[in-house]
Amino acid sequence: MEDPNIDESIDAIIENFKAKSNRRVERKLPNGRSVDIQFSFLENGSVIVVTSDISDLKEKEEHLLLQNEEMLKIQGELKGSEQRISKIIESSPDGIITINRGGIIQSFSNSAERAFGYFAEEVIGRNVKILMPKEIALEHDYYLERYFIGQSSSLVGGVRVVDAVRKDGTTFKMELRVEAVEFEDAEALFIGTVRDIT
């Protein structure tokens with residue numbers, strides 16, 4: 001059964017555009033449905049009107065917009081969280097170094113820069129072995145390759161004193177604590193907290 005209110009609404013839209021050139025408009029009808037109306041005005045004064053119900057399309061569009069807004073909100077929150085964590089790391093008196101399972105340095109804090117004499121950009125992407133004497137470096141990859149999250153290890157957990165090497169080649173005693181963190185969608189990271197005890 002046709003709804004007279006809808007017919008009247010469409011008639012009113014047509015009347016409004018009779019004197020104009022070809023147009024395409026979207027309108028919401030009294031029953032809540034959305035329609036796309038395309039007008040083609042002919043030279044003899046007649047008009048061809050094509051109406052399409054685009055309610056489902058508009059609903060999906062609104063849903064996508066809401067999802068996009070939610071995603072932007074989450075991204076903003078994550079960025080804020082990352083900035084807070086970064087400030088905490090950079091304000092720590094102890095050096096903080098993160099590496100992946102391959103031993104490649106992922107981050108290098110300000111305190112780590114002061115302890116080792118390297119700028120972060122000089123070491124990020126390089127193997128952490130550059131910070132160790134050769135005799136320790138040879139064993140390091142072996143321990144990393146064989147470590148599994150959750151198992152006991154002499155490498156992870158606890159605090160120990162080790163020798164370390166500065167950029168200028170000098171060695172110094174360093175207090176080291178390593179923790180392993182596993183992410184669902186990424187490989188494990190090892191977080192090393194270092195303190196120069198010389």
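These remarks concern the structure in this document. (Residues numbered from 1 in each chain as written. Predicted model: local features only at pLDDT ≥ 70, side-chain atom pairs only at ≥ 80, totals over all residues. Heavy atoms only, no water.)

## Focus: the overall build of the protein
In terms of regular secondary structure, the protein is built from five helices and eight strands. Secondary structure elements of the protein, listed N to C terminal, follow the sequence α-β-β-β-α-β-β-α-α-α-β-β-β. Buried positions account for 30% of the 198 residues belonging to the protein. (Helix = DSSP H or I, 4+ residues; strand = E, 2+ residues; numbered from the N terminus. Buried < 20%, exposed > 50% of the residue type's maximum accessible area, 1.4 Å probe, protein only.)

## What to know about the pattern of salt bridges
In total, this model carries seven salt bridges according to the counting rule given. Here Asp53 makes a salt bridge to Arg33, at a shortest N to O gap of 3.2 Å. Residue Asp53 is found in strand β3 (residues 47-53), and its partner Arg33 is found in the loop between β1 (23-28) and β2 (34-41); the two are separated by 20 residues along the sequence. Since its relative accessible area comes to 34%, Arg33 is described here as partly exposed. Here Glu61 ties to Lys58 by a salt bridge, and the two come within 3.1 Å at their closest N and O atoms. Here Lys58 and Glu61 lie together in helix α2 (residues 55-91), a separation of three residues that amounts to about one turn. Overall, the relative accessible area of 19% leaves Lys58 in the buried class. (Salt bridge = Lys/Arg side-chain N within 4 Å of Asp/Glu carboxyl O.)

## A look at the environment of Leu57
Take Leu57: it is sitting in helix α2. Looking at Leu57, the relative accessible area reads 54%, which means it is exposed. Spatially, the C-alpha atom of Leu57 lies 9.0 Å from that of Ser34, the residues being 23 residues apart in sequence.

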